[in-house]
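Structural overview
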Amino acid sequence: MATTFASLPVVDIRKLKERNVSDDDTSSLSKQLYDVFSTTGFAYLVNLPLSFGHDEIFKVTQEFFALDLEEKMRLAKKSFSPTNTNTYRGYFPTQPLLDPDNLKEGFEIGCPDTKLDNPSISTQHRVKLSEPNVWPDATAFQMRQKLDGIYRELQSLAIQILSLLAVSLGKPSDFFNAWMKDSLSTLRLLHYPRVFRNEEIGDSVNVDGVKLSCTPHTDSGILTLLHQDATGGLEVRDASGTWVPAPYVPGSIVVNIGDLMAKVSGERFTATMHRVRAPPSPPPSTSSRESSSAGRYSVPFFFEPGENCVIESVSGEGESVVYGEHLRMKMKTWVEFMDDSGSVPLWHPTRRNARVNQRRLERITAFALMAQLPQFSAFHLALALLLPVLASAQCDIPPLTLVWSNTTVSQDGLGVARGIELGIGSPHQIFAFRPATTLNNTRINNVLNCGSASNDSCIGALGGGFDPSKSKSYSVSIKSQWNGSQVDAEDSTGAYVYFNDDVGFQNNGHVEGFPLVMDSEVFGGSQAGLPLGTNSSFLRAAVQGGVAPSEVFGLWSGSRGVQPHDGLLVVGGYDRARVKPSSNFTTFPVGKWSLERACPLQVTITNLTYANLPLMTAGSSGIDACIEPLAQRFVFPPKIATMFATYTGQNGTLYPNKMWYNVSNRPTGDMSITLSNGYTTTISNAELFAPLRGSDKNGRYAITNDSVLEAFVADNRKANPDDVDTALGGMFLTFNYLLVNYPKGEFGLAPAVAADAKNISPDPTAICTPTNRPAPTQTPRPTPSDSPSKSSTNVGAIAGGVVGGVAGIALLGALAFILFRRRRKTTKGMPSELDPQSPVPVSRQASELMAHEMSYNIQEMPTSRHASFRKPDGRDEIEPQPPAYHDQ
Ligand SMILES: O=C(O)CCC(=O)C(=O)O
Ligand SMILES: [Fe+2]
């Protein structure tokens, strides 16, 4: 269990220097490591069995980064230098435009023994994980052998630690030996340059005012051994959310557990969030040349299994994962790498004309080029100053607005569901999607599940029914080649159909080849959920298809009281008109979750009252809850729901399935919810209790009984009383505006202008941010008609044509122009705490976002605690009561 801590524990590993470690020492060390990895997840190791010292490793590191940028760019991965052949190993430059909060350059090497003719180099992927290392010219850099030696020693140390971990988990010491074969371990030299501050333009600082050089993340793999210099800046998050400094302790290295190892251990080990503060800015008098040579250096060594290695949990339960596949999936969110799916995304923009996209590509290309110019370093820091400006320049696509309303979803016009309307297929078949923050794929109901296309109550309840035989553009796919997010729970069941089809976004154009997943008729239908999870294929398609400027989204669920009001989803921004005037967004980290169901928008309720009466027991440490509009209601643990039922005098015979009240006995209290950081909201009585709705005698959805009221509080009791998914459902978002910025690892809540603001028109306001998706700033994505090779040729051609200072001057001119534009644009201001120019929080080793993916891997490798996402009855909705899903 993760704990709070004031500093990292220290483990003395001097015994590992001995040729044969005694059984007693093995047992004592494995116990100590078990203790630290099951609590802090991080430790200092001292008395290291390494032949090289701290000074030596940093001497080599500084020597590497002191090379000319030109020399380093010769080693750049293909995604940065299209004419290079190395795809995985090598250099990556800082990405100030794409990633100002991860401002670092790096050089990565793999196993020194990897040869060009390595038979395990897979050829079917663009990124070749098992490729050999690349090196600077031997005359310029004579440290190759030194680094090879450092690699080998760190690999041996990692292997020793792994054997201790095997013992600590009750396994033989050689239990993980298979991981060593063709190990993909990575030694990464890192340089975090100093960052200039500029009051006028404003730094992109974190919520707590901290400027970061590496945003909060967990490492994705097995085990990390980190050498850091004496600059300081590494911070580790404890269980209470406090960032605990982990400065350099002389003679130590830092060790920490990665996500995959946490899974392998059955979550006994913890992968702890960490971040790096930006090195202090240089004093004002320092010239840019002097200061650019300083900064922070660190050298993480990531222990990684072989590409073909099958990883499974120590309990042997659950599904296994092939490491190479796991890595490729993770890599899609690492900014240093291009998408390695090998497949060109199928979605095509049709809302805006291709010219807009072309303009974006050109601009992006220009900056990618700038990174490659020899004189880059001369204005590198100047560029860093202007980053927020540049990022906002992607705003030429307005935000995508999608109304959340009652929608007719059956062909005869009788099946009605409340949701966000999307049309699927050619011609469009209408669906009403309920926003789902715990989903990543757009999954819809197969009309066969409802028996017939005129089964209105079934089709209405499931938000629509798709008939593939009626779509001219339907194109079935196989999972491995499909371009959706291959992380949702349905992936493991085989009971789904993966396909692509045209999707229309209300009046905002449409996207071809949109990835969809449909229930096969075997399993029965599921409510259509609009995926707004951290790896949402919907958000990605909207941005890459050119219909939204960024993946940031704002959501207001509208009101479903007696006089309902439509809600609005804004992709690439938020609706300023729905945020209560002069209120700020309170931010929360997108992070790990403790709920059974993976939930990126998890909060902790610390106080809950109804009519000022306590619903939580005194002294309770809080209840974790998921902001998930897929559930309409507040879904509470049985104790709380029962107390609510008692306070409101509901009809006991129906409880726990329903909480109904005679309209003449309308309860009068409001509900108040306080979250762990003090954010408090009141849910008014007028919304909390609403007239009963359902299908009327004509099959239409309507108020069916105006003498009965229903409370929007449900009991989350399940067959297993430990399965508690507390949800702040759609109604929570009637009173609170939700703004989600996954690339930044944050979401925000602000008091919403609720039902009383019917007459206020939406004011969609763009928030432009680089996406965390495959990095277009390095190699532009193909335009719809381009093949991937054609697009890289374009880059090459432009690179050849633009040379030296002329380009530099032109680009600086462009910067000034964009700066001017931005100043004009920003007069409206942005939500104060969610930085509109969000950086990309992804380091090579997973990010906080990836914790979400990893959590799906929990489904793939279930442990006793984490039940399968898909329940035996085939459905796992938070709110398994279909009629309640559609309302007015
Ligand atoms: O530079 C550091 O101290 C930490 C780097 C890190 O966490 C990473 O690269 O994953
Ligand atoms: Fe890390």
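Residues numbered from 1 in each chain as written. Chains lettered and ligands numbered in written order. Predicted model: local features only at pLDDT ≥ 70, side-chain atom pairs only at ≥ 80, totals over all residues. Heavy atoms only, no water.

The protein goes by Fe2OG dioxygenase domain-containing protein in an unreviewed UniProt entry, where it is assigned to Clohesyomyces aquaticus. In its Sequence similarities (unreviewed entry) section, the UniProt record describing the protein reads: "Belongs to the iron/ascorbate-dependent oxidoreductase family." (UniProt positions renumbered as here; feature names shortened; annotations may be inferred.)

1. Focus on the coordination of the iron ion (ligand 2)
For the iron ion (ligand 2), the full set of protein donor atoms is His217 (NE2), Asp219 (OD) and His274 (NE2), and the range of their distances to it is 2.1 to 2.2 Å. Positions of the donor residues of the iron ion (ligand 2) along the chain correspond to the pattern H-x1-D-x54-H. (Donors = N, O, S within 2.8 Å, 3.2 Å for Na, K, Ca; no water.)

2. Describing the state of the cysteines
This model, assessed by the stated rule, comprises one disulfide. With its sulfur 2.1 Å from that of its partner, Cys599 forms a disulfide with Cys626. When the S-S torsion is 95°, as for the bridge of Cys599 with Cys626, the disulfide is right-handed. You can see Cys599 sitting in the loop between strand E27 (586-589) and strand E28 (602-610) and its partner Cys626 sitting in strand E30 (residues 623-627), a full 27 residues away along the chain. Residue Cys599 is classed as buried on the basis of its relative accessible area of 0%. Residue classification places Cys626 among the buried residues on the basis of a relative accessible area of 3%. (Disulfide = S-S within 2.5 Å. Helix = DSSP H or I, 4+ residues; strand = E, 2+ residues; numbered from the N terminus. Buried < 20%, exposed > 50% of the residue type's maximum accessible area, 1.4 Å probe, protein only.)

3. Structural notes on the site of ligand 1
Around ligand 1, the surrounding shell holds 15 residues, and the nearest of these are Tyr192, His217, His274, Arg296 and Ser298. One of the side-chain nitrogen or oxygen atoms of His274 is found 3.0 Å away from an oxygen atom of ligand 1. Protein burial of ligand 1: of its 290 Å² of free accessible surface, 98% is covered by the chains. Per-element accounting of the shell around ligand 1 gives the leading share, four residues, to strand E12 (residues 296-303). Taken together, the residues that form the shell around ligand 1 break down as seven nonpolar, five polar and three charged. (Near = heavy atom within 4 Å. Polar contact = N/O pair within 3.5 Å; in protein donor to acceptor, adjacent residues only side chain to side chain. Areas by Shrake-Rupley, 256 points an atom, 1.4 Å probe, with all protein chains shown as cover. Nonpolar A, V, L, I, M, F, W, Y, C, P; charged D, E, K, R; others polar.)

4. Brief notes about helix H1 (residues 23-37)
The end-to-end C-alpha distance of H1, which contains 15 residues, comes to 21 Å, matching closely the 21 Å that a straight helix rising 1.5 Å per residue would cover. When H1 is considered as a whole, its buried residues turn out to be Asp25, Thr26, Leu29, Ser30, Leu33, Val36 and Phe37. Buried positions in H1, seen along its axis, are confined to an arc of 125° and lie on one side of it. Facing away from the buried side of H1 by more than 90 degrees, the exposed set consists of Asp23, Asp24 and Lys31. Tucked into the core, H1 has its buried residues touching strand E1 (10-12), strand E2 (42-46), helix H4 (144-168), strand E7 (223-228) and strand E10 (253-257). (Expected span 1.5 Å × (residues − 1). Arc of directions from axis to C-beta. Contact = heavy atoms within 4.5 Å.)

5. Some thoughts on the sheet that holds strand E5 (residues 186-192)
Spatially, eight strands are ordered E1-E2-E10-E7-E12-E5-E4-E3 in an open sheet, and the strand pairing comes out mixed. A strand with exactly one partner marks an edge of an open sheet, and here the two such strands are E1 and strand E3 (90-92). Within this sheet the neighbouring strands show an average axis-to-axis angle of 25°, counted without direction. As paired elements, E3 and strand E4 (residues 105-109) share three bridges and run antiparallel to each other. For Phe92, the partnering residue across the bridge sits in E4 and is Gly106. Relative to the sheet, H1 contacts E1, E2, E7 and E10, its axis offset from that of E1 by approximately 165°. (Pairing = 2+ DSSP bridges. Axes fitted to C-alpha atoms, helices over the stretch in contact; angles between N-to-C directions.)

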